[in-house]
Amino acid sequence: MINRLLGKQKNQDSLVERVQQLQQKPLPKHIAVIMDGNGRWARRRALPRIAGHHEGMNTVKKITRIASNLGIGALTMYAFSTENWKRPKKEVDFLMKLPSEFLHTYLPELIEQNVKVEMIGDPSNLPRHTLDAIHNAMEKTQQNDGLILNFAMNYGSRAELVQATKQIVELVQSGQLSVEDITDETMNAQLMTAHLDEPDLLIRTSGEVRLSNFMLWQLAYAEFIFTDVLWPDFTEHHFLDAVEQYQSRHRRFGSVEGEQKA
Ligand code: IPE
Ligand code: IPE
Ligand code: MG
């Protein structure tokens, strides 16, 4: 299950060459990432956990850049879960400041790279300064039509599904929808990801092999790659390794015949 390729550096190949090679085959349209292991990265260096989060922010920049160069349609980054409020206040406060720090230094490059910033998650209990930074970036990049950089911030898949269910019930109760007409598409349309392709590839770093309440519906047919590499150590090459492995997998979607490669 652990990707054998990950961790093996291929510095002999330049990133440009690898990108060009991977572009010869179909690429995932949407990659979802559970960025995990910041705390352990810091602990191994006897640093406070927040130092790991800060370093992890630099990885987000690197991975956004390479995903954009590769031609990926959307990159959803799990930045803060609905369960992460259980962490010490100091850590939560720091995590809530990261979007503004990240966007303060990186927004000009995102604009230049034609990246469109978006967010999924419940905005209602996010601090004003966190939301302001994200909304500003969304506004400044809304005309861009390159990579969608989608931050999952105060995101929880169960809460999203409960919310979607409530919206569907309201449509039924108000007579706008009949029960017989409820399909997968009805549910898709009510999710925060309604306008995105569903993820083809999920990457989780740090050796944990679980979803932690991330995109439970949307990941139904995604290819999963779990790697032991901690998020702050995750490089462009690790990312390209994951895409390479994705391209070697056979996606069957339940069928036998008409087997198609990713
Ligand atoms: C991921 O790193 C970042 C967030 C969840 C915000 P962690 O902070 O979970 O790092 P570990 O799992 O403790 O190493
Ligand atoms: C998942 O990581 C959430 C994010 C990466 C934002 P966690 O570190 O919070 O997950 P658990 O607690 O190990 O399941
Ligand atoms: Mg963790």
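All values derive from a computational prediction rather than experimental measurement.

**Topic: the packing of aromatic side chains**
So, step 1. Summed over the entire model, instances satisfying the criterion amount to nine aromatic pairs.
So, step 2. Here Tyr 78 and Phe 214 contribute two aromatic rings whose centre-to-centre distance is 4.2 Å and whose plane-to-plane angle is 15°, an arrangement assigned as stacked. Of this pair, Tyr 78 sits in strand S2 (residues 74-81) while Phe 214 sits in the loop between strand S5 (201-204) and strand S6 (223-226); the two residues are 136 residues apart in sequence, bridging distant segments of the chain.
So, step 3. Classification of Tyr 78 by relative accessible area gives buried; the value is 7%.
So, step 4. Judged by its relative accessible area of 0%, Phe 214 is buried.

**Thoughts on the site of ligand 2**
So, step 1. Around ligand 2 sit Ile 34, Met 35, Asp 36, Tyr 78, Ala 79, Phe 80, Asn 84, Arg 87, Arg 204, Arg 210 and Ser 212, and that is every residue in its neighbourhood.
So, step 2. At 2.8 Å from an oxygen atom of ligand 2 is found a side-chain nitrogen or oxygen belonging to Arg 210.
So, step 3. Taking 390 Å² as the accessible area of ligand 2 by itself, protein coverage stands at 78%.
So, step 4. In terms of residue count, the dominant contributor to the shell around ligand 2 is S2 (three residues).
So, step 5. Class assignment for the residues of the shell around ligand 2 results in five nonpolar, two polar and four charged.

**Topic: the UniProt feature "active site" (unreviewed entry) in the protein**
So, step 1. In the numbering used here, UniProt assigns the "active site" (unreviewed entry) feature to Asp 36 and Asn 84. These annotated residues cover 49 residues of sequence, and their C-alpha atoms lie no more than 12.1 Å from one another, placing them together at a single site.
So, step 2. By the secondary structure assignment, Asp 36 is in the loop between strand S1 (30-34) and helix H2 (38-44).
So, step 3. Not counting residues within four places of it along the chain, the set of residues in contact with Asp 36 comprises Arg 204, Thr 205, Ser 206, Glu 208, Leu 230 and Trp 231.
So, step 4. At 2.7 Å, the side chain of Asp 36 and the side chain of Arg 204 are in polar contact.
So, step 5. Mapped onto the fold, Asn 84 is located in the loop between S2 and helix H4 (89-112).

**A word on the sheet that holds S2**
So, step 1. Strand order in the open sheet formed by six strands is S3-S4-S2-S1-S5-S6, with parallel pairing between adjacent strands. Two strands lie at the open edges of the sheet, namely strand S3 (116-120) and S6, each paired on one side alone. Shown here is a sheet whose adjacent strand axes are inclined to one another by a mean of 20°, direction ignored.
So, step 2. Strand direction decides the pairing type here: S2 and strand S4 (residues 148-155), joined by seven bridges, are parallel. Each bridged residue has a counterpart across the sheet, and for Tyr 78 the counterpart in S4 is Ala 152.

**So, helix H8 (residues 236-248)**
So, step 1. A rise of 1.5 Å per residue sets the reference length of H8, with its 13 residues, at 18 Å; its end C-alpha atoms lie 19 Å apart and thus fit the reference within 8%.
So, step 2. Among all positions in H8, only Glu 236, His 237, His 238, Phe 239, Leu 240, Asp 241, Ala 242, Val 243, Gln 245, Tyr 246 and Gln 247 are buried.

About the thresholds
- The residue numbers shown here count from 1 along each chain, following its written sequence.
- Lettering for chains starts from A, numbering for ligands starts from 1, and both go in the order in which the items are written.
- Given that the model is predicted, a residue must reach a pLDDT of at least 70 before its local features are reported, and side-chain atom pairs must reach 80 or more before they are shown or counted; all residues, however, enter totals for whole chains, interfaces and linings.
- Hydrogens and water are ignored here; the side-chain numbers use all heavy atoms of the structure.
- Paired rings are identified among Phe, Tyr and Trp, the last through its six-membered ring, by centres lying within 6.5 Å, and are further divided according to the angle between planes into stacked (under 30 degrees), edge-to-face (over 60) and tilted (the rest).
- Here a strand is any run of E in DSSP of at least two residues, a helix any run of H or I of at least four, and the numbering for each starts at the N terminus.
- Exposed residues in this analysis have more than 50% of their type's maximum accessible area, buried residues have under 20%, and partly exposed residues fall in between, with area computed by a 1.4 Å probe over protein chains only.
- For each residue, the test is whether any non-hydrogen atom lies within 4 Å of the molecule or strand; if one does, the residue is near.
- Pairs of N or O atoms within 3.5 Å make up the polar contacts considered here, provided that, within protein, one atom can donate a hydrogen while the other can accept it, and that residues adjacent in sequence are counted only when both atoms are side-chain atoms.
- Residue burial considers only the protein chains on display, and all accessible areas are found by Shrake-Rupley using a 1.4 Å probe.
- We call Asp, Glu, Lys and Arg charged. Ala, Val, Leu, Ile, Met, Phe, Trp, Tyr, Cys and Pro are nonpolar, and the rest, Gly among them, are polar.
- UniProt positions are given in the numbering used here, feature names are shortened, and annotations may be inferred rather than shown by experiment.
- For this analysis, residues touch if any pair of their heavy atoms sits within 4.5 Å.
- Pairing between strands is defined by DSSP: at least two bridges between them are needed.
- Here an angle of 0 to 180 degrees is reported between the N-to-C directions of two axes, which are lines fitted to C-alpha atoms, with helices fitted over the stretch in contact.
- Here a helix's expected span is defined as the number of its residues, less one, multiplied by 1.5 Å.

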